[in-house]
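# Descriptive structure summary
Given next are the chains, with one letter for each unit.
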Amino acid sequence: LGALREKDFIPHDEDVDVGVFDRDRPAIDALLPELARLGFELLYKRDDRLYKLRRKGQELDFFFAREKTTFRGRRWDLEGKATIPARHLDSLEELEFLGHRFPVPHDPLGVVKNLYGRTWNVPIPDSTSRQDWSTRWKRLLRNPAKLFFYALRFVRERLRWGALAKRRRRAGQDQP
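Just so you know, these numbers come straight off a predicted model, no measurement behind them.

### Description of helix H2 (residues 25-37)
The end-to-end C-alpha distance of H2 is 19 Å, a good match for the 18 Å that 13 residues give at a rise of 1.5 Å each. The largest bend in H2 comes to about 30°, at Leu 31, with the proline Pro 33 one to four residues further on. Where H2 is buried, its residues contact strand E1 (15-21), strand E2 (41-46), strand E3 (50-55) and strand E4 (58-70). Once H2 finishes, Gly 39 follows within two positions and takes phi at roughly 100°, a positive value.

### A short note on the pairing of strand E7 (residues 92-97)
Where E7 meets strand E8 (residues 100-105), six bridges bridge the pair, whose relative direction is antiparallel. By the bridge assignment, Leu 92 is partnered in E8 with Pro 105. Remark: two residues form the turn of the hairpin made by E7 and E8, two consecutive strands paired antiparallel; Leu 98 in that turn has positive phi of roughly 55°.

### Remarks on a positive patch on the surface
A cluster of basic residues, Lys 81, Lys 138, Arg 139, Arg 142 and Lys 146, forms a positive patch on the protein surface. With three residues, helix H5 (residues 133-142) is the single largest residue contributor to the positive patch. Tracing the backbone through its elements, the reader meets Arg 142 in helix H5.

### Re the pattern of salt bridges
Side-chain pairing between opposite charges can occur once the charged atoms of the two side chains come close. All told, the structure shown has 16 salt bridges when counted by the stated rule. Between Arg 25 and Asp 22 there is a salt bridge; the shortest N-O distance is 2.4 Å. Asp 22 sits in the partly exposed class, given a relative accessible area of 26%. The partner of Arg 66 in a salt bridge is Asp 22, with the nearest N and O atoms 3.6 Å apart. On the criterion of sequence distance, the pair formed by Arg 66 in strand E4 and Asp 22 in the loop between E1 and H2 is long-range, its members being 44 residues apart.

### Thoughts on the nonpolar core
Judged by nonpolar contacts, Val 20, Ile 28, Leu 32, Leu 35, Phe 40, Tyr 51, Leu 53, Leu 60, Phe 62 and Phe 64 together constitute the single largest core of ten residues. Elements represented by at least two residues in this core include exactly H2, E3 and E4. Each residue touching Phe 40, except ones within four places of it in the same chain, is listed here: Leu 35, Leu 53, Arg 54, Arg 55, Gln 58 and Leu 60.

Rules behind the numbers
- Residues numbered from 1 in each chain as written.
- Predicted model: local features only at pLDDT ≥ 70, side-chain atom pairs only at ≥ 80, totals over all residues.
- Heavy atoms only, no water.
- Helix = DSSP H or I, 4+ residues; strand = E, 2+ residues; numbered from the N terminus.
- Expected span 1.5 Å × (residues − 1).
- Bend = angle between axes of the 7 residues up to and from the residue.
- Contact = heavy atoms within 4.5 Å.
- Pairing = 2+ DSSP bridges.
- Patch = residues over 30% accessible without salt bridge, like charges linked within 9 Å, V, L, I, M, F, W, Y side chains within 5 Å.
- Areas by Shrake-Rupley, 256 points an atom, 1.4 Å probe, with all protein chains shown as cover.
- Salt bridge = Lys/Arg side-chain N within 4 Å of Asp/Glu carboxyl O.
- Lys, Arg positive; Asp, Glu negative; His and termini not counted.
- Charge placed at Lys NZ, Arg CZ, Asp CG, Glu CD.
- Buried < 20%, exposed > 50% of the residue type's maximum accessible area, 1.4 Å probe, protein only.
- Core = buried A, V, L, I, M, F, W, Y, C linked by side-chain atoms within 4.5 Å.

Next up, the structure:
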């Protein structure tokens with residue numbers, strides 16, 4: 001996100017996120033002792049999907065991508081919270097960032113739009129990536145009262161869109 005939007009690190013973000021294919025986990029595990037020698041402390045491993053390390057206030061996160069098949073086709077599951085279409089990680093391309101070239105997902109702009117939505121290019125402090133539907137359903141099942149809130153918001157938005165469309169149609173009819 002920072003490489004595309006800011007052409008630099010995101011000012012309000014305190015960590016560096018590195019995506020790794022799940023099949024490359026042994027290489028990261030082998031790298032952990034060297035990172036420890038460089039002063040990085042392994043803070044935790046979460047569900048073998050995320051490794052979080054810290055050194056002098058710098059945080060480094062390794063997210064592991066797993067391939068999966070859903071009703072929407074083949075996708076890559078990122079840390080169990082979001083998925084992206086398989087085409088993005090089936091092949092990689094390079095992106096220049098601060099004078100160095102790094103392998104990134106195919107169509108990085110498409111990935112960022114998928115993860116952050118329409119506001120991907122608007123800096124929003126403390127904003128996380130979008131979550132896929134299965135994660136949203138799991139959260140909703142843990143707190144069913146939110147269903148009422150979401151249903152009300154859905155109806156309000158649809159009514160607002162309908163009123164806006166009606167005003168636009170009228171405005172179009174009033175013009176010569």
